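Geometric and topological summary
Chain by chain, the residues:
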Amino acid sequence: MQQVPHHINWELLIDLLEKPVAERQGLVASLSAEEQALIARLQQLKDDPLLTGALQLDTVQAWARMMEKETAPVRRLVGGWKKWVAAASLLLLVGAGGWLWMKSRHTQSVQRYQTVAQALPNHAPSGKVQLITADGHAIEIDSVKQLKEKDGTLIRLQQGTVSYQGGQSNGIGSQSNSPLMNTLVVPRGYIYSLVLSDGSKVWLNADSKISFPVQFDKAERKVAIEGEAYFEVVHNDKWPFTVAIAGGSGGAVKVLGTSFDIKTYGKKIYTTLVTGSVLFTPPVANPVRLTPDQQTVFNVAGGVIQTKKVIAGDWIAWKDDDLVMIKMPLDELAAILERRYDVQVSFAEERLKNIQYNGAFHFTGNIIDILNSLEQTGNILFAVKNKTIVILPANGK
Amino acid sequence: MKTAHFNDGPIDLSALERKDYESLFHQYYQWLCLQVYKITEDWHASEDIVQDFFVKCWQNRASIQIRETFGGFAVVSVRNAALNYLKKESTRLKHETASFSTFSGEEMPSPVSVPDETEQRYLQIITAINNLPEQRRKAFILSRQHNKKYAEIAVELGISVNTVKMHLRLAYQELRNVLKLLLPFFFFFLKK
């Protein structure tokens with residue numbers, strides 16, 4: 001490979017390198033292999049945020065600063081403002097990058113990979129939030145502003161919320177034994193909220209469902225959920241509120257005027273109490289009464305219940321599009337991303353699933369933002385293959 | 001040309017002149033910051049950690065025995081400092097309600113005294129770039145910044161656009177062999 005470099009067209013090469021990568025595509029193909037390789041390598045250097053970041057550091061100035069430090073007392077490491085400067089520089093440093101860098105280490109297997117930015121530009125969820133009315137019609141929620149159920153209940157659909165008019169003051173509502181049931185279906189990629197006819201509020205996380213009567217029965221309030229929901233129930237001692245979980249097979253939560261979260265994805269059911277008091281009743285074992293900041297974890301298969309202390313706020317952060325991770329394994333995070341952005345995520349290596357993360361993130365409209373932040377940890381990289389986001393080790397072997 | 005590698009052999013700090021220590025600093029500073037940044041994800045903190053290391057190392061040079069190379073010794077020291085820093089930061093962050101904070105991977109590789117191949121490559125690239133003549137190095141680094149036009153670089157360095165192009169051309173020519181050495185597989189990928 002140590003050939004004498006022959007006829008490299010430097011003029012052309014230098015002009016090409018000034019152009020953004022997207023504009024180069026067609027032009028690069030006409031270059032010699034050697035010229036292509038050089039361009040690719042230079043781009044690789046440019047796309048590596050670690051390397052570009054390190055090269056920006058001013059060593060001469062650092063030495064001078066250090067000399068001051070040597071004589072001055074040791075100062076605090078990081079002030080508050082530095083965090084924000086760091087966050088800003090992080091955004092600057094994140095290019096399309098990492099990807100090309102990764103390629104050099106995964107030569108054989110990587111050819112079919114694309115960057116997330118290339119493969120999923122403006123990625124949007126494939127489904128739509130639907131409301132299933134009592135007569136079985138599925139209505140796409142942003143297609144109408146309001147509608148009326150058979151019993152006269154007015155349903156408003158706007159700004160991410162479906163709300164049901166209360167029956168008591170208007171003399172409407174079901175008096176019969178078979179109340180009209182509606183179902184709100186929130187697919188992957190959405191978060192939606194609901195105001196029930198009693199004024200109670202429910203937030204539904206992505207990939208979740210709630211069935212509820214259009215007007216509640218006089219004796220009790222009953223709803224059923226799948227997926228994850230956060231409730232703020234209007235308090236009424238004489239009007240019990242019950243949530244059936246996963247068709248009752250996951251137990252039920254009896255509510256005594258309160259706010260709480262129920263998470264039922266997968267094999268475990270988490271009930272987390274924020275305020276008030278709830279009674280978690282598993283199908284088999286004894287009921288558990290929760291106090292605020294307590295959580296029950298019910299293992300459906302094993303029938304085992306555990307109760308523990310948590311920071312409840314972390315468990316309901318999702319409703320404000322926030323993510324709080326405390327020793328969260330990467331496979332759990334991947335499942336959250338799949339639901340939140342309606343994407344498929346897979347792992348190139350099994351061991352990556354156990355990498356744990358601490359941190360907080362505010363979800364943006366674009367999945368690339370969180371993937372870029374995750375890549376900054378230096379442990380992992382993301383690429384796309386067959387429309388699936390693949391998590392690869394950053395230090396490929 | 002200075003070369004940086006990990007086969008330097010043991011080094012006796014107590015015998016070093018200040019100017020020798022300074023050149024060690026120049027040789028390893030950016031690379032050590034990069035290692036720390038992988039853990040802290042904060043360039044400012046990384047610089048502070050690495051500088052603190054160099055200060056302490058100099059102050060205690062009489063009592064420090066380095067059995068491996070300086071690079072190996074330094075990288076273990078700063079990684080440990082970075083992990084300590086993270087621990088302190090995470091307890092501090094718990095008391096703040098920031099809507100955005102950087103991630104910190106929990107499962108850090110335990111520090112090893114011989115940096116792996118990738119890290120050595122990083123060091124070689126950084127060293128090669130820092131060995132370029134000053135103007136050329138500046139032009140090269142500015143050209144690495146996001147979508148910077150040659151005209152902008154020319155203004156910043158107070159030279160003509162043609163001179164910028166010439167600097168880049170010479171920089172690329174000089175770095176070509178290093179790049180080949182560092183990224184040997186890329187060529188095959190391009191050819192498919």
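For the structure, see preceding data.
Okay, so let's go over this structure. Starting from 1, residues in each chain are numbered consecutively following that chain's sequence as written. Here the convention is simple: chains get letters from A, ligands get numbers from 1, in the order in which they are written. The predicted origin of the model limits local features to residues at a pLDDT of at least 70 and limits the giving and counting of side-chain atom pairs to 80 or more, whereas totals for whole chains, interfaces and linings rest on all residues. Excluded from the side-chain calculations are hydrogens and water; all other atoms, namely the structure's heavy atoms, are used.

Only runs of H or I of at least four residues qualify as helices and only runs of E of at least two qualify as strands under DSSP, and these elements are numbered from the N terminus. A count of helical and extended segments in chain A gives 11 helices and 24 strands. For each residue, the accessible area found with a 1.4 Å probe, counting protein chains only, is set against the maximum for its type, and the residue is called buried under 20%, exposed over 50%, and partly exposed in between. With 397 residues in all, chain A has 52% of them scored as buried. Contacts are assigned to residue pairs that have any heavy atoms within 4.5 Å of one another. By sequence separation, contacts in chain A at least 24 residues apart represent 51% of the contacts at least 6 residues apart. For the area figures, the Shrake-Rupley method with a 1.4 Å probe applies, and any residue is considered shielded solely by the protein chains shown. As displayed, chain A offers around 18500 Å² of accessible surface, 52% of which is attributable to carbon and sulfur atoms.

Further remarks concern the packing of aromatic side chains. Planes of paired rings set the category: under 30 degrees apart is stacked, over 60 is edge-to-face and the rest tilted, where pairs are Phe, Tyr or Trp rings (Trp by its six-membered ring) whose centres lie within 6.5 Å. Tallied over the entire structure, the rule returns 23 aromatic pairs over all chains. A ring pair is formed by phenylalanine 53 of chain B and phenylalanine 54 of chain B, whose centres lie 5.2 Å apart and whose planes are at 70 degrees; its orientation type is edge-to-face. Residue classification places phenylalanine 54 of chain B among the buried positions, given a relative accessible area of 0%. Pairwise contacts between aromatic rings join Trp63 of chain A together with Tyr21, Phe25, Tyr28, Tyr29, Trp31, Phe53, Phe54, Trp58, Phe70 and Phe73 of chain B into one cluster. Here, over-ring charges are defined by two tests on the NZ atom of lysine or the CZ atom of arginine: distance to the ring centre within 6 Å, and angle to the ring normal within 35 degrees. A cation over a ring is seen here: arginine 144 of chain B above phenylalanine 140 of chain B, with NZ or CZ 4.8 Å from the ring centre.

Residues and elements named next belong to chain A. Taking strand neighbours across the sheet as the criterion, the 3 strands line up as 21-24-23 in an open arrangement whose pairing is mixed. At either margin of the open sheet sits one strand with a lone partner, and together these are strand 21 (344-347) and strand 23 (380-385). With strand direction ignored, the average angle separating the axes of adjacent strands in the sheet is 30 degrees. We call two strands paired when DSSP finds no fewer than two bridges between them. Where strand 23 lies against strand 24 (residues 388-393), 6 bridges are found, and the strand directions are antiparallel. Residue pairing across strands places phenylalanine 382 opposite isoleucine 391, the latter belonging to strand 24. Note on geometry: axes are C-alpha line fits, over the in-contact stretch for helices, and angles between N-to-C directions span 0 to 180 degrees. Contacts from helix 10 (residues 330-341) reach strand 21, strand 23 and strand 24 within the one sheet, and its direction differs from that of strand 21 by about 160 degrees. Sitting on the sheet, helix 11 (residues 367-375) touches strand 23 and strand 24, and the angle it makes with strand 23 is about 140 degrees.

To get the bend at a given residue, fit one axis to the seven residues ending there, fit another to the seven starting there, and take the angle between those axes. Where helix 1 (residues 18-40) of chain B bends most, the angle comes to about 45 degrees, and this point is tyrosine 28 of chain B. Note on helix 1 of chain B: the residue one or two positions beyond its end, glutamate 41 of chain B, has a positive phi of about 55 degrees.

All names here are of chain A. Bridging between strand 4 (residues 154-158) and strand 5 (residues 161-164) involves 4 bridges; their strand directions are antiparallel. The residue bridging arginine 156 from the neighbouring strand is serine 163, located in strand 5. If you look at the hairpin formed by strand 4 and strand 5, you'll find 2 residues sitting between the two strands, and glutamine 159 has a positive phi there, around 45 degrees. As judged from the 3 bridges shared by strand 5 and strand 7 (residues 192-195), these two strands associate in the parallel manner.

So, about unusual backbone geometry. For residues that are not glycine, phi is negative in most cases, and the peptide bond is trans in most cases. Backbone geometry places aspartate 293 of chain A, a non-glycine residue, at a positive phi of 65 degrees. In this fold, aspartate 293 of chain A is placed in the loop between strand 17 (288-290) and strand 18 (294-299). The phi dihedral of glutamate 41 of chain B is positive, around 55 degrees, even though this residue is not glycine. You can see glutamate 41 of chain B is positioned in the loop between helix 1 and helix 2 (43-59).

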